[in-house]
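These are the residues of each chain, in order.
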Amino acid sequence: MLTDYLQRREELITEDRALRIDRIRANYTTAELKADEVVRSIRAREATTVWGINHEHVPHQYPGMEFLNAKDIILRTDLYSKIVSKMPKGGLLHVHQNASVEARTLLDLALGHPAIHIRVPGLLDAASLETVLPIIQPIPVEQYPAANVIGITDVLYTGGWVPIKKARELFDHALGGPAGFDNWVLSAFMINPSDAYDKYNTPMKIWLKFGSTFGVTDPIIRFVPIQKEYLRRFILSSIDDGISYIEVRTSFFKKYILAEDAKTKLELRELLLIFREVTNEITAELKAKGREDDFAGMKIIYNTLRIISTEELESELEQCSRFKQEFPDLIAGFDLVGHEDGAECKPLIDYAEPLLRFASQHPDIPFIFHAGETLGDGTAADMNLYDAILLGTKRIGHGFSLVKHPKLMQICREKKIAIERLTSSMPMHPLPIIMNQGIPVVLSSDDPAMFNSMGLSFDFFQVLVASEVTGLLTLGQMARDSITYSMLDERSKRAAMDTWERRWAKFVEEVAAMDP
């Protein structure tokens, strides 16, 4: 009797998990199967040795817990340092270009350029330090202040521009001196644990923090000398993390970037030229080192904000099509972004007519829409999922509320509409539901600069550590899917997949040989 029960139990489990992406392949190599066993053994060991002990300043700890509180613990695990961080990850398909480089790196770039200046709108002291935001931007040389300018914390300061490097040097020692300056500026560049889980602990509140952060960093990034180096650092750090292809969402809402003189407004075509220039430089450098397999290239997903009028959208779509004609290998698709639950943001249905017309006229520019980035059910943001699918989106960004819609999940599974997902606190995340329904998932970092979580290693770690079902084979298939569901042409996909498979085979051999 028990034998029969156990057999039926095993059959039910197998049937229940049959749609998972890691069940697609039946011909795993001996090395893959052994590597998967090693990883599962390490995970089981660290469930006790890492997550089963108390950690100072961490109120609770468990596998897959909220990332900002868990990061320091994650970095000390073998699962992260020896496995996930070394894994070839395929493509990064959802990342916003203006939040793609470590905050510390951006600050260093700003400190290293003489045109970057800073000012504050009011008194900056111990009482106001947490509420006053810096205004940082390049200014033309003729507007530079006198060499004997006072600092922004001086009692005589009246709100004028100060070279950022000078402001750092003169920062009041009572507020921490240069290190205090760094901490203050970086707090405006990033979201820290107290922001995420206390001060801005609702979706509406956290979007306010997002907005203020972009408001501080964008003027620095959209300055040509820094834009070039920022993009370069992003690509190189991605490659270092095992990412071999990138589709980066780039905003064209603001209609210019600043030239090196900090006053000439350049048309956005110049931004695309920068992308082409930097990408080609890196490709050439890698080839010269015999590392051409490390990088399959980068494309741009043109995006603007979903606060614009229908007439403005027509103009954006026209510009996108012109860029596609001039830069056919660079433009991957079109998206509308913004806080879907926000009062100012419009739902996709408001833009349906121009979007339908554009889709019929420009089949070479697919839609890759953000949709369902909400906790709501039946709200306008939730309903964006219906419109994204009807408008023919190739992938869905976030799709957090998708699990509330069985028919839409079925459509995504049948039409192979991949979901671009980032991970934060896994036990509360609908990702396992999506995966168990057989819907393709591509792990993404979204706005990594906000959380100091560059690359994809942390995202892959969170998925792996939070599920007893998921293993290394699952992560491998997710990496494959990131190439399969990219906007590369078929020939380029095959080439990217072939190089990834070679790197994967080497990786699993190394893992299989490890002592768990």
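An account of the accompanying structure is given in this report. (Residues numbered from 1 in each chain as written. Predicted model: local features only at pLDDT ≥ 70, side-chain atom pairs only at ≥ 80, totals over all residues. Heavy atoms only, no water.)

**Considering the packing of helix H10 (residues 224-240) against helix H11 (residues 269-288)**
- Remark: H10 packs on H11, axes separated minimally by 10 Å, with the N-to-C direction vectors making an angle of 45 degrees. In terms of orientation, H10 and H11 fall into the oblique class. The way H10 lies across H11 gives a crossing that is right-handed. Every residue of H11 that contacts H10 at Val 224, Gln 227, Lys 228, Leu 231, Arg 232, Ile 235, Leu 236 and Ile 239 is listed here: Leu 271, Ile 274, Phe 275, Glu 277, Val 278, Thr 279, Glu 281, Ile 282, Glu 285 and Leu 286.
- Within the contact of H10 with H11, the residues separate by chemical class into 11 nonpolar, two polar and five charged. (Axes fitted to C-alpha atoms, helices over the stretch in contact; angles between N-to-C directions. Helix = DSSP H or I, 4+ residues; strand = E, 2+ residues; numbered from the N terminus. Parallel < 35°, antiparallel > 145°, perpendicular 65-115°, else oblique. Left-handed = near helix turned anticlockwise from the far one by under 90°. Contact = heavy atoms within 4.5 Å. Nonpolar A, V, L, I, M, F, W, Y, C, P; charged D, E, K, R; others polar.)

**Some details on the sheet that holds strand E1 (residues 90-96)**
- Pairing is parallel in the open sheet, where four strands are placed in the order E1-E5-E8-E9. The open sheet is flanked by E1 and strand E9 (331-337), the only strands paired with a single partner. Recorded for the sheet is a direction-independent mean angle of 25 degrees between the axes of neighbouring strands.
- Summarising the sheet, E1 and strand E5 (residues 243-251) pair through five bridges and their orientation is parallel. Its bridge partner lying in E5, Leu 92 is registered against Ile 246. (Pairing = 2+ DSSP bridges.)

**Some details on the side chain of Thr 474**
- The topology assignment puts Thr 474 in helix H19 (residues 472-484).
- Those residues in contact with Thr 474 that sit more than four places away from it in its chain are Arg 20, Ile 21, Asp 22 and Met 435.

**Comments concerning the sheet that holds strand E10 (residues 369-371)**
- Strand order across the open sheet formed by four strands is E10-E11-E12-E13, with parallel pairing between neighbours. Looking along the sheet, the strands with just one partner apiece sit at the ends: E10 and strand E13 (441-443). Mean inter-strand twist for the sheet, computed between neighbouring axes without regard to direction, equals 35 degrees.
- Both strand E12 (residues 418-421) and E13 contribute to a ladder of three bridges, which runs parallel. Within E13, the residue paired with Arg 421 across the bridge is Leu 443.

**Re the pairing of strand E3 (residues 135-138)**
- Side chains of E3 alternate between two faces, with Ile 136 and Pro 138 buried and Ile 135 and Gln 137 left unburied.
- One ladder, built from four bridges, connects strand E2 (residues 116-119) with E3; its direction is antiparallel. Along E3, the bridge assignment pairs Ile 118 with Ile 136. (Buried < 20%, exposed > 50% of the residue type's maximum accessible area, 1.4 Å probe, protein only.)

**Here we look at the pattern of salt bridges**
- For the structure shown, the criterion picks out 27 salt bridges.
- A salt bridge links Arg 233 to Glu 229, with the nearest nitrogen and oxygen atoms 2.7 Å apart. Placement of both Arg 233 and Glu 229 in helix H10 is noted, with a separation of four residues, approximately one turn of the helix.
- Overall, the relative accessible area of 37% leaves Arg 233 in the partly exposed class.
- You can call Glu 229 partly exposed: its relative accessible area is 26%.
- The salt bridge partner of Glu 420 is Arg 249, with a shortest N-O separation of 3.2 Å. Here the residue Glu 420 occupies a position in strand E12, and Arg 249 occupies one in strand E5, the gap between them amounting to 171 residues. (Salt bridge = Lys/Arg side-chain N within 4 Å of Asp/Glu carboxyl O.)

**What about the nonpolar core?**
- Counting 152 residues, the largest nonpolar core has Ile 152, Phe 189, Phe 234, Ile 235, Phe 334 and Leu 355 as the members making the most contacts within it.
- The greatest single-element share of this core, amounting to eight residues, is contributed by helix H20 (residues 490-512).
- In this view, Phe 334 contacts Ile 301, Tyr 302, Thr 304, Leu 313, Leu 317, Cys 320, Leu 355, Ile 365, Pro 366, Phe 367, Ile 368 and Phe 369; residues no more than four positions away in its chain are not counted. (Core = buried A, V, L, I, M, F, W, Y, C linked by side-chain atoms within 4.5 Å.)

**Thoughts on helix H9 (residues 203-221)**
- Taking 1.5 Å as the rise per residue, H9 with 19 residues should run 27 Å; its terminal C-alpha atoms sit 26 Å apart, in good agreement.
- A maximum bend of about 30 degrees is found in H9 at Gly 215, where proline Pro 219 lies one to four positions downstream.
- For H9, the full list of buried residues reads Ile 206, Lys 209, Phe 210, Thr 213, Phe 214, Val 216, Thr 217, Ile 220 and Ile 221. (Expected span 1.5 Å × (residues − 1). Bend = angle between axes of the 7 residues up to and from the residue.)

**A short note on a negative patch on the surface**
- A cluster of acidic residues, Glu 10, Glu 11, Glu 15 and Asp 16, forms a negative patch at the surface.
- Within the fold, Glu 11 resides in helix H1 (residues 2-16).
- With a relative accessible area of 46%, Glu 11 lands in the partly exposed category. (Patch = residues over 30% accessible without salt bridge, like charges linked within 9 Å, V, L, I, M, F, W, Y side chains within 5 Å. Areas by Shrake-Rupley, 256 points an atom, 1.4 Å probe, with all protein chains shown as cover. Lys, Arg positive; Asp, Glu negative; His and termini not counted. Charge placed at Lys NZ, Arg CZ, Asp CG, Glu CD.)

**Let's talk about unusual backbone geometry**
- A positive phi angle is found at His 398, which is not glycine, with a value near 80 degrees.
- With respect to the element layout, His 398 can be found in strand E11 (residues 395-398).
- A relative accessible area of 7% means that His 398 is categorised as buried.
- Non-glycine residue Lys 416 carries a positive phi angle of around 55 degrees.

**Quick word on the environment of Val 248**
- Looking at where Val 248 falls in the secondary structure, it is placed in strand E5.
- In this structure the C-alpha to C-alpha distance between Val 248 and Val 141, which are 107 residues apart in sequence, comes to 33 Å.
- Once residues lying within four places of it in the same chain are set aside, the contact partners of Val 248 are Val 95, His 96, Gln 97, Phe 234, Phe 275, Met 298, Lys 299, Ile 300 and Ile 301.

**Quick look at the packing of aromatic side chains**
- According to the stated counting rule, one finds 18 aromatic pairs in the structure shown.
- With a centroid separation of 6.2 Å and an interplanar angle of 70 degrees, the aromatic rings of Tyr 80 and Phe 461 are classed as edge-to-face. Placement of the pair is Tyr 80 in helix H4 (residues 78-83) and Phe 461 in helix H18 (residues 457-465), with a sequence separation of 381 residues. You'll find Tyr 80 and Phe 461 in the same group, each marked buried.
- Residue placement shows Lys 265 over the ring face of Tyr 256; its charged tip is 4.6 Å from the ring centre. (Phe/Tyr/Trp six-rings, centres within 6.5 Å; stacked < 30°, edge-to-face > 60°. Lys NZ or Arg CZ within 6 Å of the ring centre and 35° of its normal.)

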